[in-house]
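# Residue-level structure breakdown
Take a look at the letters that make up each chain.
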Amino acid sequence: MTEPGAAVVALDREHHRGAVDHRLFGSFVEHMGRCVYTGIYEPTHPSADAEGFRGDVSALVRELGVTLVRYPGGNFVSGYDWRDGIGPREQRPRRLDLAWRSIETNQVGTDEFMSWARARGVEPMLAVNLGTAGVLDAAALVEYCNVPEGTEWSERRRRNGALKPHEVKLWCLGNEMDGPWQTGHTTAQRYGALASEAAKAMRLVDPDIELVACGSSSHDMPTFGYWESAVLEAAGEHIDYISMHAYYEEHDGDRASFLASGASMDSFIEDVTATIDAVAARRRSKRRRKINISFDEWNVWYQSRYPGSEAMAIDIAGPRIEDQYAALDAVVVGDLLSSLLNHSDRVKIACLAQLVNVIAPIMTEPGGAIWRQPTFHPFAAVASAARGHSLVTRVSATELATRRYGDVPAVAASATHDPTTGDVAVFLTNRAPHPVTVDLKHSGFERWMTLSALHIAADDRGPRDRATAADLRLTPLSVSAAEEGRSGCITLPPHSWTVVQAATASTH
Ligand code: AHR
């Protein structure tokens, strides 16, 4: 039994869930608010490159360590005709975007996004419109992007300047089709049938693509579970992933529940995994690879502070949901990353939503400055340190009572080990309102040498404003060796998130 101020976290190098997929460190660029315009793209900005992309944003995207970016939505995609965004810019239409009640100028479209993504070394993940468009539109977009030459759409791409195919591997079959707010919202059966037909047609264009069907927009959706089962029954033979979306916030000052967001994410993932496997068992599926999870929207979002889009005034690329984050939010983002790592045997893709300005780790001023939000730091730390295998961590800690999620462990942990380099990273959340001393047992590792321990604590939070955010960094904690080097002791401050990095003997 552990005391409230103490916990044990044990690692075993032989006990892991397999490799952490590099696609776990994805993000999301939607045509929404200032994510694209004055976010990634601003031709008049002093740092803009020849294509009009902001150089200062590109530098922070690299520093963040993003590996994959989903595009162009989100709710936006359900009203989007991708043909509006190709060809000569001066001929592109200005459209009313119904999802965010904005005017879409289409100055950035598929070719520009692809160029942006490739030059920044991030994998593109494209969503097709299954809300107001159909099977042929989806297949035509795959043809435009992936067929080398000799067809109507591949030749259009070549005439638009992209001689080589974009080779987009990952495709989302619509967005949040279970949500009544979605343009083209429908039933699970209808969506499942449509997704199945779109998947077949898209694969006939390019058999090598990977497909993501829409799961539920959140664990709290009234159709949750039923939706996944029906979609998997209808489209299961044609898809590779089912999506999950989840946003967390502090409701009415209930900090304890907010800090337990990772525990809530754990049970959401475990429920979806169980549903995937139950449907596969019932169908006596002979698939070689199980259907996995694409957690393609997750973040902290103070959603309850915003009116629905029907109450938003029509605006041309004006701001939308520009949450200002505090250190507390960074602690929760770190905890959510641990949940993703701890399920990396089934969660193969994840996207922090979104990348710039819209509930984002990176913020810009039009024509001006750029800064990192507090949530930038845990994401960058995990994306850079989590390599190799996801280790099973055994945590002994007291339980904390929460209003929303019941009893949760006071300490959450995840860890990775790269057998080729010997590098180990351990990620720890202290959800308790008091310090907790963690006995970090790593007895199975040879020549363990702790290199660093960096943390962020909610006590640093201050008001949610730009000045506070820009100053926040991860700061050092000390780790003392114990038990002849087979264990380390680290005291986690109240409401904090910590990354410990160590070098150990490699297997090569
Ligand atoms: O990321 C903001 C919005 O949240 C997306 O457009 C939508 O998919 C989700 O509801």
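Here is a short report on the structure shown in this document. Keep in mind that what you see is a predicted model, and the values were worked out from it rather than measured. (Residues numbered from 1 in each chain as written. Predicted model: local features only at pLDDT ≥ 70, side-chain atom pairs only at ≥ 80, totals over all residues. Heavy atoms only, no water.)

Residue position: Ser-414 is located in strand β17 (residues 411–417). Polar side-chain contacts of Ser-414 include one of 2.7 Å to the side chain of Ser-338. If near-sequence neighbours (up to four positions away) are discounted, Ser-414 is found in contact with Ser-338, Leu-341, Asn-342, Thr-393, Ala-425, Val-426 and Phe-427. (Helix = DSSP H or I, 4+ residues; strand = E, 2+ residues; numbered from the N terminus. Polar contact = N/O pair within 3.5 Å; in protein donor to acceptor, adjacent residues only side chain to side chain. Contact = heavy atoms within 4.5 Å.)

Cis geometry is found at the peptide bond from Gly-73 to Gly-74, where omega equals 20°. Of note, Gly-74 is situated in the loop between β3 (68–71) and β4 (95–97). That bond from Ala-353 to Gln-354 is cis: its omega, 0°, falls within 30 degrees of zero. Tracing the backbone through its elements, the reader meets Gln-354 in the loop between β11 (347–353) and β12 (362–364). Notably, Glu-167 is not glycine yet its phi reads approximately 50°, a positive angle. Take Glu-167: it is sitting in the loop between α4 (152–159) and β7 (170–173). Take Glu-167: its relative accessible area is 59%, and that puts it in the exposed class. A positive phi angle is found at Ile-359, which is not glycine, with a value near 35°. When you line up the elements, Ile-359 lands in the loop between β11 and β12. (Buried < 20%, exposed > 50% of the residue type's maximum accessible area, 1.4 Å probe, protein only.)

What follows concerns the sheet that holds β17. Spatial ordering of the open sheet is given by β21-β20-β24-β18-β17-β14-β1-β19-β23-β22, a layout of ten strands whose pairing is mixed. Each having just a single partner strand, β21 (475–476) and β22 (479–482) make up the two edges of the open sheet. As judged from the seven bridges shared by β17 and strand β18 (residues 423–430), these two strands associate in the antiparallel manner. Note on β18: the bridge partner recorded for Thr-416 is Ala-425. Each of β1 (6–19), β14 (389–396), β17, β18, β20 (449–457) and β24 (496–503) touches helix α9 (residues 327–342); the most contacted strand, β17, lies at about 55° to it. Contacting β17, β18 and β24, helix α10 (residues 376–385) crosses the sheet at an angle of about 25° to β24. (Pairing = 2+ DSSP bridges. Axes fitted to C-alpha atoms, helices over the stretch in contact; angles between N-to-C directions.)

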